[in-house]
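Structural overview for review
Residue-level listing of the chains:
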Amino acid sequence: MTFSSADENYMASAIDLSRLGEGDTHPNPCVGCVVVHEGKIVGEGYHSRAGEAHAEILALAQAADKARGATMYINLEPCCHQGRTPPCTDTIARAGIERVVCAMEDPNPMVSGGGFDVLRTAGVDVEFGLLESEARWLNRGFITRMLSGRPWVALKIGATLDGRTATESGESQWITGLEAREDVHKQRARYSAIMTGSGTVAADDPQMTVRLVATEKQPLRVVLDTNLRIASDAQIIGDDGNILILTGSEDDKKRVVLEAKGAEIVSLPIDTNNGGGIDLQSVLEELGLRDHNDVFVECGGKLAGSLLEHGLVDELLVYYAPSVLGGSARGMFDTQTVEKLIDRPQFRFHDVIQIGDDVRARAVYPPSMEIIGCGV
């Protein structure tokens, strides 16, 4: 399909609008919509929260009578099924929209081209594929869950220039500066879950909450604790009941104590080929069943290494401080040594930016990009 420069500009505006919902729409995708009549934007909207009005409905309400004969630009195929809200396709058709330009088809099996079919049957001209790669990257978590049943996994690491995350004794606070730490909290806020291991909880007693930036919600805190050794007074448990502990232990006494503190505890299979740790694929499937589109992982080298070796790291977010620890200081990943270069896990840089005195490098795993259907 051929799109004009005006089409591209309006779609870029729709994608920008959709970003306003990042971190708040789970388990729904981020969606923005622009309605254009006679070369002018007459309606805009974005989906802000699950259960609330969809972007198309808000944009049509703003456009009112000017929606008739207009073109609608939206980054994701309109829904055609009854969920928490009625199908958007019916409202679009009734409003008299003449043309719908969409960035991508909805991977949700309940839609998946069906929305386009409904609109075309109603006489609406439908085109899609404009700025598709940008739209797919924006909703990478939603797409991953729809197509693979698990959330997108982003692994955050703070390290020195020589790839060290802590001194030999385990001291790591703070390798990076305040600006980088603030950015970490911004990243936490856009994810529906934050995951760590029991080793990190024991060593650092972290809160794993969003504190340095404003947020209306807190991500679910997830702890992988094979032997259920987490202390009942650990800060991560908190007092809000927003914590899930995944374990392989059947220690009923410990469960009662932790559940009394508000923790939810779920038993998962043990991976006998992974040193007796919790099966990581089962962990991600559990989160997928709970409708988590993405999970932000902050952990030690052991869990980071296991996720890497199992091919379960979709995105690496490394904050590099301009310093060196050297020697026997702790590294990013506790993994088996790669004997041949051809066997090394290979990522591709997506973006690199300076934050304060530090540098944040984002790299993505090519097979993950193939799943969501976009280039780096």
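Above this text is the structure in question.
To start, this report covers the structure provided alongside it. Bear in mind that the values here come from a model prediction, so they are computed numbers and not experimental data.

1. Quick look at the overall build of the chain
From N to C terminus, the chain includes twelve helices and 18 strands. In terms of overall dimensions, the chain is globule-like: its C-alpha atoms have a radius of gyration of 23 Å, near the 21 Å expected for 376 residues. Dimensions along the principal axes, computed over C-alpha positions, put the chain at roughly 70 × 45 × 40 Å. Taking all contacts inside the chain whose residues are at least 6 apart in sequence as the whole, residues at least 24 apart take part in 69%. Carbon and sulfur atoms form 47% of the exposed surface of the chain, whose accessible area is close to 17100 Å².

2. Overview of a negative patch on the surface
Together, Glu250, Asp251, Asp252 and Glu259 make up a region of like negative charge exposed at the surface. Looking at the element boundaries, Asp251 is found in the loop between strand E10 (243-247) and helix H9 (252-260). A relative accessible area of 35% places Asp251 in the partly exposed class.

3. Notes on the pairing of strand E6 (residues 152-160)
A large share of E6 lies buried, amounting to eight of its nine residues. Looking at chain direction, E6 and strand E14 (residues 294-298) are connected through five bridges and run parallel. By the bridge assignment, Val153 is partnered in E14 with Val295. As defined by bridge partners, E6 adjoins strand E15 (residues 315-321) across seven bridges and the pair is classed as parallel. Paired with Lys156 across the two strands is Leu317, which belongs to E15.

4. Some words on the side chain of Thr89
Within the secondary structure, Thr89 sits in helix H3 (residues 88-95). Residues in contact with Thr89, not counting those within four places in the same chain, are Pro78, Cys79, Cys80, Gly115, Val118 and Leu119.

5. Thoughts on the pattern of salt bridges
Here the structure, examined in full by the defined rule, presents 20 salt bridges. Residues Glu315 and Arg140 are paired through a salt bridge, measuring 3.2 Å at the closest nitrogen-oxygen approach. Taken together, the residues Glu315 in strand E15 and Arg140 in helix H6 (residues 140-148) connect sequence positions 175 residues apart. Each member of the pair Glu315 and Arg140 is classed as buried.

6. Brief notes about empty space enclosed by the protein
Applying the stated rule across the entire model yields one cavity of 30 Å³ or more. Roughly 120 Å³ of internal volume is contained in the largest cavity. When residues of the lining of the largest cavity are assigned to their parent elements, the largest contribution, three residues, is made by H6. Here the lining of the largest cavity is composed, by residue class, of four nonpolar, seven polar and four charged.

7. What about the sheet that holds strand E5 (residues 125-128)?
Spatial ordering of the open sheet is given by E2-E1-E3-E4-E5, a layout of five strands whose pairing is mixed. The outermost strands of the open sheet, each flanked by one partner alone, are strand E2 (40-46) and E5. Between one strand axis and the next, the sheet turns by 15° as a mean value, whatever way the strands run. Relative to E5, strand E4 (residues 99-102) runs parallel, the two sharing four bridges. Within the sheet, the bridge partner assigned to Val101 lies in E5 and is Glu127. Contacts between helix H2 (residues 55-63) and the sheet are confined to strand E1 (32-37), E2 and strand E3 (71-74), with E2 contributing the most and set at about 145° to the helix.

8. Section: helix H11 (residues 301-309)
Inspection of H11 places Leu303, Ala304, Gly305, Ser306, Leu307 and Leu308 among the buried residues, and these make up the whole buried set. Its buried side turned inward, H11 meets E6, strand E8 (193-197), strand E9 (220-224), helix H10 (280-289) and E14. Among the residues trailing H11, Gly311 stands out with phi positive, at a value near 65°.

9. Re the sheet that holds E10
Across the sheet, nine strands lie side by side as E11-E10-E9-E8-E14-E6-E15-E18-E17; this open sheet has mixed pairing. Both edges of this open sheet fall to strand E11 (264-267) and strand E17 (348-355), since each of them pairs with a single strand only. Pairwise comparison of adjacent strand axes, ignoring direction, gives a mean angle of 20° for this sheet.

Conventions used here
Residues numbered from 1 in each chain as written. Predicted model: local features only at pLDDT ≥ 70, side-chain atom pairs only at ≥ 80, totals over all residues. Heavy atoms only, no water. Helix = DSSP H or I, 4+ residues; strand = E, 2+ residues; numbered from the N terminus. Rg over C-alpha atoms; globule rule 2.2 N^0.38 Å. Contact = heavy atoms within 4.5 Å. Areas by Shrake-Rupley, 256 points an atom, 1.4 Å probe, with all protein chains shown as cover. Patch = residues over 30% accessible without salt bridge, like charges linked within 9 Å, V, L, I, M, F, W, Y side chains within 5 Å. Salt bridge = Lys/Arg side-chain N within 4 Å of Asp/Glu carboxyl O. Lys, Arg positive; Asp, Glu negative; His and termini not counted. Charge placed at Lys NZ, Arg CZ, Asp CG, Glu CD. Buried < 20%, exposed > 50% of the residue type's maximum accessible area, 1.4 Å probe, protein only. Pairing = 2+ DSSP bridges. 1 Å grid on protein atoms, 1.4 Å probe; cavity = no way out; pocket = protein on both sides within 12 Å on 5 of 7 lines; lining within 4 Å. Points joined across faces, edges and corners; volume = space filled by probe spheres on them. Nonpolar A, V, L, I, M, F, W, Y, C, P; charged D, E, K, R; others polar. Axes fitted to C-alpha atoms, helices over the stretch in contact; angles between N-to-C directions.

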